[in-house]
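Architecture and fold: a report
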Amino acid sequence: MAELIAYFSRRHENYVNGVIRDLKTGNTEVVASMIQQLTGADIFRIEPIQEYSRNYNECIAQAQADQRRGARPQLKQYPESLENYNTIYLGYPNYWSTMPMAVFTFLEHFDFTGKTIRPFCTHEGSGLGASEKDIRRICIGAKIEKGLAIYGGSVSSSETIIREWLKE
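Residues numbered from 1 in each chain as written. Predicted model: local features only at pLDDT ≥ 70, side-chain atom pairs only at ≥ 80, totals over all residues. Heavy atoms only, no water.

Focus: the overall build of the chain
Cut-off, in case you're wondering: Secondary structure follows DSSP: runs of H or I at least 4 residues long count as helices, runs of E at least 2 residues long count as strands, and numbering of each begins at the N terminus. Two things to know: the radius of gyration comes from C-alpha atoms, and the globule rule equals 2.2 Å times the number of residues to the power 0.38. For each residue, the accessible area found with a 1.4 Å probe, counting protein chains only, is set against the maximum for its type, and the residue is called buried under 20%, exposed over 50%, and partly exposed in between.
If you tally the helices and strands in the chain, you get 5 helices and 8 strands. Mapped from its N terminus to its C terminus, the chain presents α and β elements in the order β-β-β-α-β-α-β-α-β-α-β-β-α. Against the compact-globule benchmark of 15 Å for 168 residues, the chain has a radius of gyration of 15 Å, which places it among compact chains. With respect to the principal axes defined by its C-alpha atoms, the chain has extents near 40 × 35 × 25 Å. Taking all 168 residues of the chain together, the buried fraction comes to 50%.

Concerning the packing of aromatic side chains
Selection rule: Working definition: rings of Phe, Tyr and Trp (its six-membered ring) pair if their centres are within 6.5 Å, and the pair is stacked with planes under 30 degrees apart, edge-to-face with planes over 60 apart, and tilted otherwise. Charge over a ring is defined by NZ of Lys or CZ of Arg lying within 6 Å of the ring centre and within 35 degrees of the ring normal.
Under the defined criterion, the tally for this structure stands at 10 aromatic pairs. Considering the side-chain rings of F120 and W165, the 6.3 Å spacing of their centres and the 65° angle between planes classify their relative orientation as edge-to-face. Placement of the pair is F120 in strand β6 (residues 116–123) and W165 in helix α5 (residues 159–167), with a sequence separation of 45 residues. No difference in accessibility class separates F120 from W165, as the two residues are buried. Among the aromatic residues, ring-to-ring pairing joins F44, Y78, F106, F110 and F112 into one connected group. Sitting over the face of the ring of W165, R118 holds its NZ or CZ atom 4.4 Å from the ring centroid.

Quick look at the side chain of S53
Heads up, the rule is: Two N or O atoms count as a polar contact when they lie within 3.5 Å, although within protein this holds only if one can serve as hydrogen donor and the other as acceptor, and sequence-adjacent residues are included solely when both atoms are side-chain atoms. Residues are treated as being in contact if the distance between any of their heavy atoms lies within 4.5 Å.
Looking at the secondary structure, you find S53 in the loop between β4 (42–45) and α2 (56–68). Overall, the relative accessible area of 13% leaves S53 in the buried class. Only 3.0 Å separates the side chain of S53 from the backbone nitrogen of N55, close enough to count as a polar contact. Setting aside residues no more than four positions away along its own chain, S53 makes contact with R10, E58, C59 and Q62.

Comments concerning the pattern of salt bridges
So the rule is basically this: Every case where a carboxyl oxygen of Asp or Glu lies within 4 Å of a side-chain nitrogen of Lys or Arg is listed as a salt bridge.
Enumeration according to the criterion identifies 10 salt bridges in this entry. One salt bridge connects D66 with R69, and the closest N-O pair in it is separated by 3.0 Å. With a relative accessible area of 12%, D66 lands in the buried category. Taking the relative accessible area as the measure of exposure, R69 reaches 59% and is therefore exposed.

Digging into the nonpolar core
Just so we agree on the cut-off: Among buried residues, the Ala, Val, Leu, Ile, Met, Phe, Trp, Tyr and Cys ones that are joined through side-chain atoms within 4.5 Å form a nonpolar core.
Ranked by internal contacts, the top residues of the largest apolar core, which has 32 residues, are I46, L90, F106, L107, F112, I135 and C139. When contributions to this core are tallied by element, the ones reaching two or more residues are β1 (2–7), α2, β5 (85–93), α3 (101–109), β6 and α4 (131–138). Residue contributions to this core peak at 6 residues, all from α3. Not counting residues up to four positions away in its chain, the partners in contact with I46 are A6, Y7, F8, L75, L90, A102, V103 and F106. Y7, V31, Y89 and L166 belong to the second-largest nonpolar core, a separate cluster that totals 15 residues.

In structure tokens:
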């Protein structure tokens, strides 16, 4: 059985190490790419049709408003099927103590019964927040393994931590 890395990531203005920086590649995408290099897993980017603003402050306001109203943004596409995957590495930045709402849309689209989900997130101090609990609530019948939280400002030097997590 194969493995899949499904992730949401946002480039442009991001809060990193206490300052707003313009990123060419989002932090979660950097981690997802490292996981792909280490595992050979297939990779899928979770992308909403309506992207968040490139401006950091506008983005966080949009993300918080989405969360407050329980939005389920439409996605550009989905994998055809998850049938051939036994393990899904699920990546996302921590938005307001959980996953971006587009990740909720993705999870609610599929039946994860019998699958193993290995969550990983990037953050600037809030770790995984309530995301593991939210994944368990949505993905009934799936095995949710211990997640990995990586500081966004440390993603480029996180290969050792990722390797150790993958071995667990």
